[in-house]
Amino acid sequence: MKRAFRIIAQGVVYCAFAVLVGYFSAAPAYRLLDDGEAQIKLSFAYGGKPVGGCRDRSAAELEALAPNMRKAQVCSRERVPLAIEFELDDKMIYKNVLPPSGIHGDGPSRMYEKFVIGAGEHKVGLRLRTTVRDQGWDYITRRIVRVDAGDNLAIDFDPVAGGFVISGAKGGG
Amino acid sequence: MKALQSVIRTPFMWVEGWLDWAFGPRWNPMYYLGGLGFFYFWIVAVSGLYVYVFFDTGLTEAYESVESLTHSQWYLGGVMRSLHRYASDALVVMMVLHIIREFAFDHYRGPRSFSWITGVPMTWLVIAAGVTGYWLVWDELGQYVAVRSSEWLDWLPIFGEPIARNFMHEGSLDDRFFTLLIFLHIAVPLILLLVMWIHLQRVSYAKWKPARGLALGTLAMLLVLSFVQPAVSHGPANLDRVPLLLDLDWYYLFAYPLVDEWGAGTVWMIAFVGTFALMLMPWLPPRRRRPAAVIDLDNCNGCTRCANDCPFSAITMVPRTDHQPFEQQAKVDPDLCVSCGICVGACPTAMPFRVSSDLVPGIDLPELTARQLRDKIHTLAEKLEGHSRVLIIGCKHGIQSRKLVGDNRVAIDLPCAGMLPPPYIDYVLSKDLADGVAVVGCRAGECQYRLGQEWSEDRFERRRDPNLRKRVPRERLARIWRAPVEWRRALADIEVFQQNLTRLADQSETAGVKLTKRKEPQS
Ligand code: HEM
Ligand code: SF4
Ligand code: SF4
């Protein structure tokens, strides 16, 4: 009798453990986006134009260099920080100046941001400055996009493809 | 810290006491947490191998191969997949309990910090193995894991191109990622296994295999779970969509919602600080190291018993350095010694009957030498009189002996009950220093020094040398293995023992036989 109780107790312990393991292995469910929400992912890696141009080395400077290093010009390797603005439905939701990467500032500027938006049609406006200047933009994109709930709208930047590349949108202009 | 440990220890002791009743000490899962961890690891390895055979790498193939395994082969492949998942989950549960328990029972300082420190990277490896596993399925959950893991990793300024850009949209994905992942998902567990092995290098007689009954029980449990709730995938991954609702495996993916909530940087901070704090724990707050066991070469005959019984591999047998006609001698590595005295209990030269020579055994504990132990027993025995005189041999880590002493009961505490050389019991009884000896120590799986209870029982039962001589009347020896929280029951046990001793005395008096010598006034 006592043995039976003990075996039942063992069964209870095993069951409790199985329930513990089984439950949290797939529950409680986790909600990433609410119903009716979608996401925009804006990310790119792009190197702007060099900050300064090149300048001629003076004779004295040339003299100081090893013979095989005597190039007539020094060029700045540093790239210009990229200015970016992102408007959604005519509201500025992201605005930044992205410094170049690398210790010499000669690497591409990078960004990666996510935005939660409502499903439906949106006006997307993107502006990017990749050259040395205070005003104006080198790339401007304006589009109407339509997203369903749970869509991921990815915006990348690829100058070869003409600037900002929007993928994952349904229709729009 | 001490208070925290004791707060956690108490519920552990109650639960373990109850499990002792239900499972018996040999099957008590709480005593085999690490061993169960190993067992789950093997289940994961075997089931993983099976699943791997049917797994295809590739953007769509991965998902499809797992789906077909789950559904068209539910009776075997599906079960294997479920076992793979649930044993992994059980491994995390065991690991967490194991960490908490080793902390609560103060098993992580001094020489034992080795196991603790090697345990810390194991937490990372276990999680990494699980995460790469979920990634491989390439369903919506895998997608979430991929995106969030890479966003999290990208926070560290070590990767040039952000990894997360590989998961921008459907078009940006590359098959090669799967090759890398499958490599990681195999390599990480292999490294884990290596570290698990290192983890046990300083633990002798490590319980890395649960008793068969326990192993079968938990395997059966996992099998039942696999049939009742088979592991399934979410919908296929689609990077142009964000999964709205995910059935997370919280054992492995608990950190991901935190990344969503608090950001990658904060979670990195928590992870770093947490890991660092764990690593630091063996040194906080500093505790006095007790002096290690010392060898007395003149008395060591090289029998190897101490080396065999030391729970922490602190003793090695080395070639003889003196001129005695033995091949070996014992050598203690003070850095590994936890000063439990179990070796003294093993040494045949810890012989209280010795009169011709001084009582110096081959191995001795400076804080309580074999000689001091004998002297103390004599002093304490003076206080006893009558027919129910009990000498309690207690343990510093067990029940506080002040709760047990009283009416004709005196107690002496050893660092571990396993330190008592069995001849001392013979000595006390045959010299009539007491009517009975009660050895009171911790329960089998709760011994502070792991093996004290086991070796004591083996020695009393004559399964292990030095054993308790046959001539010792067993009814005059009480072996009480109880947790500190059970001190009332231990006290009751001793009182019953005393009643029995009185009855024994009455019986022998009515029979006119003088079984034991009465204490005579010192002349
Ligand atoms: C996969 C995970 C792990 C497994 C399979 C495992 C397994 C084991 C095993 C089998 C033992 C020997 C137990 C005995 O014979 O008494 C042990 C001891 C130990 N483990 Fe683990 N362990 C794991 C993780 C950890 C972690 C994460 C920590 C701490 C951060 C840890 C800390 C310890 C300590 C301190 C001991 C020494 C106990 C002693 O000296 O008595 N372990 N482990
Ligand atoms: S005191 Fe304990 S740890 Fe130290 S050598 Fe003896 S048995 Fe080993
Ligand atoms: S048990 Fe004693 S005699 Fe035997 S090797 Fe160890 S110290 Fe020497």
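Let me sum up the structure you'll find in this document.

Analysis parameters
Residues numbered from 1 in each chain as written. Chains lettered and ligands numbered in written order. Predicted model: local features only at pLDDT ≥ 70, side-chain atom pairs only at ≥ 80, totals over all residues. Heavy atoms only, no water. Salt bridge = Lys/Arg side-chain N within 4 Å of Asp/Glu carboxyl O. Helix = DSSP H or I, 4+ residues; strand = E, 2+ residues; numbered from the N terminus. Buried < 20%, exposed > 50% of the residue type's maximum accessible area, 1.4 Å probe, protein only. Contact = heavy atoms within 4.5 Å. Patch = residues over 30% accessible without salt bridge, like charges linked within 9 Å, V, L, I, M, F, W, Y side chains within 5 Å. Areas by Shrake-Rupley, 256 points an atom, 1.4 Å probe, with all protein chains shown as cover. Lys, Arg positive; Asp, Glu negative; His and termini not counted. Charge placed at Lys NZ, Arg CZ, Asp CG, Glu CD. Buried area = accessible area lost by both parts, 1.4 Å probe. Polar contact = N/O pair within 3.5 Å; in protein donor to acceptor, adjacent residues only side chain to side chain. Nonpolar A, V, L, I, M, F, W, Y, C, P; charged D, E, K, R; others polar. Pairing = 2+ DSSP bridges. Axes fitted to C-alpha atoms, helices over the stretch in contact; angles between N-to-C directions. Near = heavy atom within 4 Å. 1 Å grid on protein atoms, 1.4 Å probe; cavity = no way out; pocket = protein on both sides within 12 Å on 5 of 7 lines; lining within 4 Å. Sits in = over half its atoms within 2 Å of the grid points. Points joined across faces, edges and corners; volume = space filled by probe spheres on them. Domains from an automatic or database assignment. Donors = N, O, S within 2.8 Å, 3.2 Å for Na, K, Ca; no water. Tetrahedral: all angles 85-135°; square planar, octahedral: opposite > 155°, others 65-115°. Phe/Tyr/Trp six-rings, centres within 6.5 Å; stacked < 30°, edge-to-face > 60°. Lys NZ or Arg CZ within 6 Å of the ring centre and 35° of its normal.

### Topic: the pattern of salt bridges
All names here are of chain B.
Okay, step 1: The full count for this structure, using the stated rule, is 36 salt bridges over all chains.
Okay, step 2: Glu457 is paired through a salt bridge with Arg479; the nearest N and O atoms lie 2.9 Å apart. With Glu457 in helix α16 (residues 452-460) and Arg479 in strand β9 (residues 477-481), this residue pair connects regions lying 22 residues apart in the sequence.
Okay, step 3: Residue class for Arg479 comes out partly exposed when judged on its relative accessible area of 28%.
Okay, step 4: Here the residues in one salt-bridge network are Asp20, Arg443, Glu446, Arg482, Glu486, Arg489 and Asp493, joined through shared partners.

### A look at helix α15 (residues 423-430) of chain B
All names here are of chain B.
Okay, step 1: For α15, a buried count of seven out of eight residues is recorded, marking the element as mostly surrounded by other parts of the structure.
Okay, step 2: Those residues of α15 not exposed but buried are Pro423, Tyr424, Ile425, Asp426, Tyr427, Val428 and Leu429.
Okay, step 3: Check the buried side of α15 and you find it contacts α14 (370-381), β6 (390-395), β8 (436-441), α16 and β9.
Okay, step 4: Looking one or two residues past α15, Asp432 carries a phi angle of roughly 55°, positive in sign.

### Topic: a negative patch on the surface
Okay, step 1: Together, Asp56(B), Glu61(B), Glu64(B) and Asp175(B) line one region of the surface with negative charge.
Okay, step 2: Positionally, Glu64(B) belongs in helix α3 (residues 61-72).

### Some details on the interface of chain A and chain B
Okay, step 1: At the junction of the two partners, chain A supplies 43 residues and chain B supplies 49 residues.
Okay, step 2: Looking at the side of chain A facing chain B, the largest losses of area belong to Tyr14(A), Tyr30(A) and Leu32(A), adding up to 19% of the total buried there.
Okay, step 3: Along the contact surface separating chain A from chain B lie three salt bridges.
Okay, step 4: Scanning the region where chain A abuts chain B turns up 22 residue pairs in polar contact (both at pLDDT 80 or more).
Okay, step 5: The set of elements that each furnish at least two residues to the side of chain A that touches chain B consists of α1 (2-24), β1 (30-31), β2 (37-46), β7 (109-118) and β10 (152-158) of chain A.
Okay, step 6: The biggest single contributor to the side of chain A that touches chain B is α1(A), with 13 residues.
Okay, step 7: Counted by class, the side of chain A that touches chain B contains 22 nonpolar, nine polar and 12 charged residues.
Okay, step 8: Examined bridge by bridge, β1(A) and strand β1 (residues 245-246) of chain B share two bridges and lie antiparallel to one another. Pairing of Arg31(A) across the sheet is with Leu245(B), part of β1(B).

### Considerations on the sheet that holds β8(B)
In any sheet, the strands associate via hydrogen bonds between backbone groups, in a parallel or an antiparallel arrangement.
Residue and element names in this part refer to chain B.
Okay, step 1: An order of β7-β6-β8-β9 is seen for the four strands of this open sheet, with the pairing classed as parallel. The open sheet has two edge strands with one neighbour each: β7 (409-414) and β9. Sheet twist, expressed as the average angle between the axes of neighbouring strands with direction ignored, equals 20°.
Okay, step 2: With five bridges connecting them, β8 and β9 associate as parallel partners. Directly across from Ala438, in β9, lies its bridge partner Ala478.
Okay, step 3: Across the sheet, α16 touches β8 and β9, and the angle it forms with β9 is around 155°.

### A word on unusual backbone geometry
Okay, step 1: For the bond running from Ala27(A) to Pro28(A), omega is -5°, close enough to zero to count as cis.
Okay, step 2: With respect to the secondary-structure elements, Pro28(A) resides in the loop between α1 and β1.
Okay, step 3: Cis geometry is adopted by the peptide bond preceding Pro466(B), which originates at Asp465(B) and carries an omega value of -10°.
Okay, step 4: Of note, Ser313(B) is a non-glycine position whose phi angle comes to about 50°, a positive value.

### Focus: the site of ligand 2
Okay, step 1: For ligand 2, the full set of nearby residues is Cys310(B), Pro311(B), Ala314(B), Ile315(B), Cys337(B), Val338(B), Ser339(B), Cys340(B), Gly341(B), Ile342(B) and Cys343(B).
Okay, step 2: When the residues that make up the shell around ligand 2 are grouped by side-chain class, the tally is nine nonpolar, two polar and no charged.

### Some words on the site of ligand 1
Residues and elements named next belong to chain B.
Okay, step 1: Neighbouring ligand 1 are 25 residues; His98, Arg112, His199, Lys207 and Arg450 lie closest to it.
Okay, step 2: Note that a nitrogen atom of ligand 1 is positioned 2.7 Å from one of the side-chain N or O atoms of His98.
Okay, step 3: In this structure, a nitrogen atom belonging to ligand 1 sits 2.7 Å away from a side-chain N or O atom of His199.
Okay, step 4: Most atoms of ligand 1, that is more than half of them, are within 2 Å of grid points of the largest cavity.
Okay, step 5: For the shell around ligand 1, the secondary-structure elements that each account for two or more residues are α2 (33-54), α4 (74-104), α5 (113-136) and α7 (176-199).

### With respect to empty space enclosed by the protein
Residue and element names in this part refer to chain B.
Okay, step 1: All chains considered together, the criterion is met by six cavities of 30 Å³ or more.
Okay, step 2: Space inside the largest cavity adds up to approximately 820 Å³.
Okay, step 3: For the lining of the largest cavity, the class distribution of residues is 25 nonpolar, 10 polar and seven charged.
Okay, step 4: Each of domain 1 (2-13 + 33-283) and domain 2 (294-515) contributes no fewer than three residues to the lining of the largest cavity.

### Structural notes on the coordination of the iron atom of ligand 1
All names here are of chain B.
Okay, step 1: His98 (NE2) and His199 (NE2) make up the full set of protein donors to the iron atom of ligand 1, lying at 2.0 Å.
Okay, step 2: Viewed at the metal, the six donor atoms of the iron atom of ligand 1 are separated by angles of 85 to 179°, and the geometry they form is octahedral. Remark: His199 occurs in helix α7 and His98 occurs in helix α4; sequence separation between them is 101 residues.
Okay, step 3: Overall, the relative accessible area of 12% leaves His199 in the buried class.

### Some details on the side chain of Arg320(B)
All names here are of chain B.
Okay, step 1: Counting through the fold element by element, Arg320 comes out in the loop between β3 (315-319) and β4 (328-332).
Okay, step 2: A polar contact of 2.8 Å, which involves the side chain of Arg320, links it to the backbone oxygen of Cys300.
Okay, step 3: For Arg320, the side chain forms a polar contact with the side chain of Asp322, separated by 2.7 Å.
Okay, step 4: Beyond its immediate stretch of four places on either side in the chain, Arg320 contacts Leu297, Cys300, Asn301, Gly302, Phe326, Glu327, Gln328 and Gln329.

### Here we look at the packing of aromatic side chains
Okay, step 1: This model, assessed by the stated rule, comprises 31 aromatic pairs over all chains.
Okay, step 2: Taken together, a centroid distance of 5.0 Å and an interplanar angle of 70° make the contact between Tyr46(A) and Phe157(A) edge-to-face. Here the residue Tyr46(A) occupies a position in strand β2, and Phe157(A) occupies one in strand β10, the gap between them amounting to 111 residues. The exposure classification of Tyr46(A) matches that of Phe157(A), with both residues buried.
Okay, step 3: Aromatic rings pair up to connect Phe44(A), Tyr46(A), Tyr139(A), Phe157(A) and Phe164(A) into one cluster.
Okay, step 4: Above the face of the Phe114(B) ring, Arg202(B) is positioned so that its terminal group lies 4.5 Å from the ring centre.
Okay, step 5: Positioned above the aromatic ring of Phe312(B), the side-chain terminus of Arg450(B) is 5.8 Å from the ring centre.

These figures capture arrangement, not role.
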